[in-house]
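Each chain, written out:
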Amino acid sequence: MPDAGALSHPFMQRALLAAALCGVACACIGTHLVARRMTFVGSALTHTLLPGIAAAFLLGLPPHLGALAAAAATAALIALAGGKRGGGEDAAIGVAQSALFAAGVVLMASSGSWRDFGGMLFGSVLGVGEGDLAWTGVLAAGTVALLLAGHRALEASAVDEDYARAAGLRPALLRLGLVLLAGAAAASAVSLLGAMLTSALLIVPAAGGLLLGRSLAGAMLWASVIAVAGSAAGLVASYHVEALPSGAAMVAGCCAGFALARLWRALRG
Amino acid sequence: MSCACEHLALRTRGLALRPAPGAPRVLEGADLEVPAGCRTALVGPNGAGKSTLLRALAGLTPADAGSLEVNGAPPRAGRADVALLAQRPRLATGVPCTVGRLAEMGRLGRAAWGFSLGRDDRERARRALRAVGLEDLADRSVATLSGGQLQRALVARALAQGATLLLLDEPYVGLDAASRRALDELLFGPALAGTTVVVSTHDAADLPRFDRILAIGDGRAAVTLACDGRHPHRHA
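I'd like a description of the overall build of chain A, backed by residues and values.
Within chain A, the secondary structure is distributed over 13 helices and zero strands. Shown N-terminal to C-terminal, the secondary structure of chain A runs as helices and strands in the order α-α-α-α-α-α-α-α-α-α-α-α-α. Relative to the globule expectation of 18 Å for 269 residues, the C-alpha radius of gyration of chain A, 18 Å, shows essentially globular dimensions. Taken along its principal axes, the extent of the C-alpha atoms in chain A is 55 × 55 × 30 Å. By the burial criterion, 51% of the 269 residues in chain A qualify as buried. Of the contacts formed within chain A by residues at least 6 apart in sequence, a portion of 76% connects residues at least 24 apart. Taken as a whole, chain A presents about 10800 Å² of accessible surface, with 69% of it coming from carbon and sulfur.

As structure tokens, then:
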């Protein structure tokens, strides 16, 4: 857990707050993705957000804005490419991932310098500024608020799509909404973890939370605990060990949380 | 016709249905009537259109021709008075859910959005679980239920919903003898008194218990075969 020495630095305070905010958002939406067997969406978002972030970089806009636009494009592509024939949603996600990642590579190549994109790919959690923190806070709070507002409908459609449809809900639209919210949560984390590591925050704490929670809400709560505690532990470890990259350390902390959850589940039988 | 009452729970005239757009019709020119409160068996060979008819009654499949009324109004998704228990319910096993929470989902149509339920909604779900004999299992994970217990939990969800027309698609499939008896006690017992129950089934041994039998044959019109009125909870 954070020690006094690490917490005395404003950059660490900002990093810890940002990690907690996007950790909770990613853990909550990630729980829905993992429970619904939609983890592929979490992985695909790491590729599909790339063109948005690259375009934002080239235009001098905040990367979060570009990531958000790319998340919307991801959802739209999945809706357009999906369908019962031709592989369904899985294939549509694969198509969106390939198309948008290729667009991202083209945009990065057009800048003439690949070195500029290092922070975009792997993030810089210790370099989070006030502006990044504000973006992260707004996106994370918005994601969690929408998830709470729609929890009953999302839960019912996750448990039993047929019943949800008969009750007047539209499960396919709810799934697209989840992709959008996952994109928003991922956008909240891009300045911390970059495009390549963000999916870990979406998937790993959620997988641990689902081992511990007896309800979807309980799993979201446990996932949030794993995300916040794992990220904080990773950040502090990276503060003390210079060779340890902060983003990778956060992911390692979350993986340790998952391992503990798995161990507890194994011991309980 | 002792199970008849003035109010019809469902009524079709010249009904034709397709299971999916562009698919061949599975039902054609069907004139059906089921009085409220009847226990009705829906029988017919595979592919005759039993599931499609139940889905149409739940508002999930539109009529291809003819008319269809449920409790005096055209069916549509989202009606609280109709509940469909699908064939081999496909509950997502990866989603943690307790029996109590499943029953509470019956209140979804009353307030689809939001995080928490009102006290009345929770109490109604609890009463529904008590009615189906699962109150003690409210905290159990749905994933640990037997097939029969799951069917009863789904009936509890329908009761919590306030459904007056309960549609069950092949509910006996995969149940052992004890589970079948428990489900029968529920479907033909006091918990569902006054509720119209339509059950699709393949098993001729099930039929004598029902007030009314709707038979669908060879993709043609459905006909009412019997209405013996032996059920004690029928409407007079």
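So what's going on with empty space enclosed by the protein? Residues and values would help.
The final tally for this structure, using the stated rule, is three cavities of 30 Å³ or more. Sorting the residues of the lining of the largest cavity by element identifies helix H10 (161-166) of chain A together with strand S5 (82-85) of chain B as the ones contributing at least two each. Ranked by residue count, the leading element in the lining of the largest cavity is S5 of chain B, at three residues. Classifying every residue of the lining of the largest cavity by side-chain character gives nine nonpolar, four polar and two charged.

I'd like a description of the nonpolar core, backed by residues and values.
Judged by nonpolar contacts, the single largest core of 118 residues is most densely connected at Leu49 and Leu192 of chain A together with Leu102, Val155, Leu166 and Leu187 of chain B. Element by element, the count of residues in this core is highest for helix H11 (residues 171-212) of chain A, at 20 residues. Setting aside its immediate chain neighbours within four residues, Val155 of chain B contacts Leu85, Val132, Leu166, Leu168, Leu186 and Leu192 of chain B. Ranked by size, the runner-up nonpolar core spans 27 residues in total, among them Leu15, Val34, Ala58 and Leu84 of chain B.

Provide a residue-level description of helix H4 (residues 50-59) of chain A, including the pertinent values.
Residues of H4 of chain A that are buried: Leu50, Pro51, Gly52, Ile53, Ala54 and Ala56 of chain A. Remark: Gly60 of chain A follows H4 of chain A within two positions and exhibits a positive phi of approximately 75°.

Before we move on, could you go through the packing of aromatic side chains and cite the residues and values that matter?
Throughout the structure, instances matching the rule amount to one aromatic pair over all chains. Judged by centre distance (5.1 Å) and plane angle (70°), the ring pair of Phe188 of chain B and Phe210 of chain B falls under edge-to-face. You can see Phe188 of chain B sitting in the loop between helix H5 (177-187) and strand S7 (196-200) and its partner Phe210 of chain B sitting in the loop between S7 and strand S8 (212-216), a full 22 residues away along the chain. On the basis of relative accessible area, Phe210 of chain B is assigned to the buried category, the value being 2%. Here the guanidinium or amino end of Arg157 of chain B rests over the ring plane of Tyr163 of chain A, the centre of that ring lying 3.5 Å away.

Could you give an account of the pattern of salt bridges, naming the residues involved and the relevant values?
A pair can form between side chains of opposite charge whenever their charged atoms are brought close. Under the definition given, this model contains 19 salt bridges over all chains. With a closest N to O distance of 3.1 Å, Asp160 of chain A and Arg157 of chain B form a salt bridge. With Asp160 of chain A in the loop between helix H9 (151-159) and H10 and Arg157 of chain B in helix H4 (residues 147-161), this residue pair bridges two chains. When sorted by exposure, Asp160 of chain A lands in the same class as Arg157 of chain B, which is buried. The shortest N-O distance in the salt bridge between Arg101 of chain B and Glu104 of chain B comes to 3.2 Å. With Arg101 of chain B and Glu104 of chain B both in helix H2 (residues 99-104) and three residues apart, the pair spans about one turn of that helix. Each of Glu123, Arg126, Arg127, Arg130 and Glu135 of chain B takes part in one network of salt bridges that share partners.

Explain a nonpolar patch on the surface to me, and be specific about the residues and the numbers.
Residues and elements named next belong to chain A. A cluster of nonpolar side chains, Phe57, Leu58, Leu59, Leu61 and Leu65, forms an exposed patch at the surface whose accessible area comes to about 460 Å². It is H4 that provides the largest number of residues to the nonpolar patch, a total of three residues. Relative to the helices and strands, Leu58 resides in helix H4. Since its relative accessible area comes to 37%, Leu58 is described here as partly exposed.

I'd like a rundown of the interface of chain A and chain B, residues and numbers included.
Taken together, the contact pairs 28 residues of chain A with 31 residues of chain B. Interface of chain A and chain B: buried area, both sides summed, is about 2700 Å²; carbon and sulfur atoms make up 59% of it. For the pair chain A and chain B, the interface holds two salt bridges. At the junction of chain A and chain B, the tally comes to six residue pairs in polar contact (both at pLDDT 80 or more). Taken together, the residues of the side of chain A that touches chain B sort by class into 16 nonpolar, five polar and seven charged.

Go over the packing of H4 of chain A against helix H6 (residues 88-110) of chain A, please, and point to the residues and values.
All names here are of chain A. Two elements in contact, H4 and H6, have axes separated by 7 Å at closest approach and are oriented at 25°. Considering the angle they form, H4 stands roughly parallel to H6. In this structure, the crossing between H4 and H6 has a hand that is left-handed. Contacts between H4 and H6 involve Leu50, Pro51, Ala54, Ala55 and Leu58 on the former and, on the latter, Leu100, Phe101, Ala103, Gly104, Leu107, Met108 and Ser110.

Thresholds applied
Residues numbered from 1 in each chain as written. Chains lettered and ligands numbered in written order. Predicted model: local features only at pLDDT ≥ 70, side-chain atom pairs only at ≥ 80, totals over all residues. Heavy atoms only, no water. Helix = DSSP H or I, 4+ residues; strand = E, 2+ residues; numbered from the N terminus. Rg over C-alpha atoms; globule rule 2.2 N^0.38 Å. Buried < 20%, exposed > 50% of the residue type's maximum accessible area, 1.4 Å probe, protein only. Contact = heavy atoms within 4.5 Å. Areas by Shrake-Rupley, 256 points an atom, 1.4 Å probe, with all protein chains shown as cover. 1 Å grid on protein atoms, 1.4 Å probe; cavity = no way out; pocket = protein on both sides within 12 Å on 5 of 7 lines; lining within 4 Å. Points joined across faces, edges and corners; volume = space filled by probe spheres on them. Nonpolar A, V, L, I, M, F, W, Y, C, P; charged D, E, K, R; others polar. Core = buried A, V, L, I, M, F, W, Y, C linked by side-chain atoms within 4.5 Å. Phe/Tyr/Trp six-rings, centres within 6.5 Å; stacked < 30°, edge-to-face > 60°. Lys NZ or Arg CZ within 6 Å of the ring centre and 35° of its normal. Salt bridge = Lys/Arg side-chain N within 4 Å of Asp/Glu carboxyl O. Patch = residues over 30% accessible without salt bridge, like charges linked within 9 Å, V, L, I, M, F, W, Y side chains within 5 Å. Buried area = accessible area lost by both parts, 1.4 Å probe. Polar contact = N/O pair within 3.5 Å; in protein donor to acceptor, adjacent residues only side chain to side chain. Axes fitted to C-alpha atoms, helices over the stretch in contact; angles between N-to-C directions. Parallel < 35°, antiparallel > 145°, perpendicular 65-115°, else oblique. Left-handed = near helix turned anticlockwise from the far one by under 90°.

Structural measurements only, silent on function.
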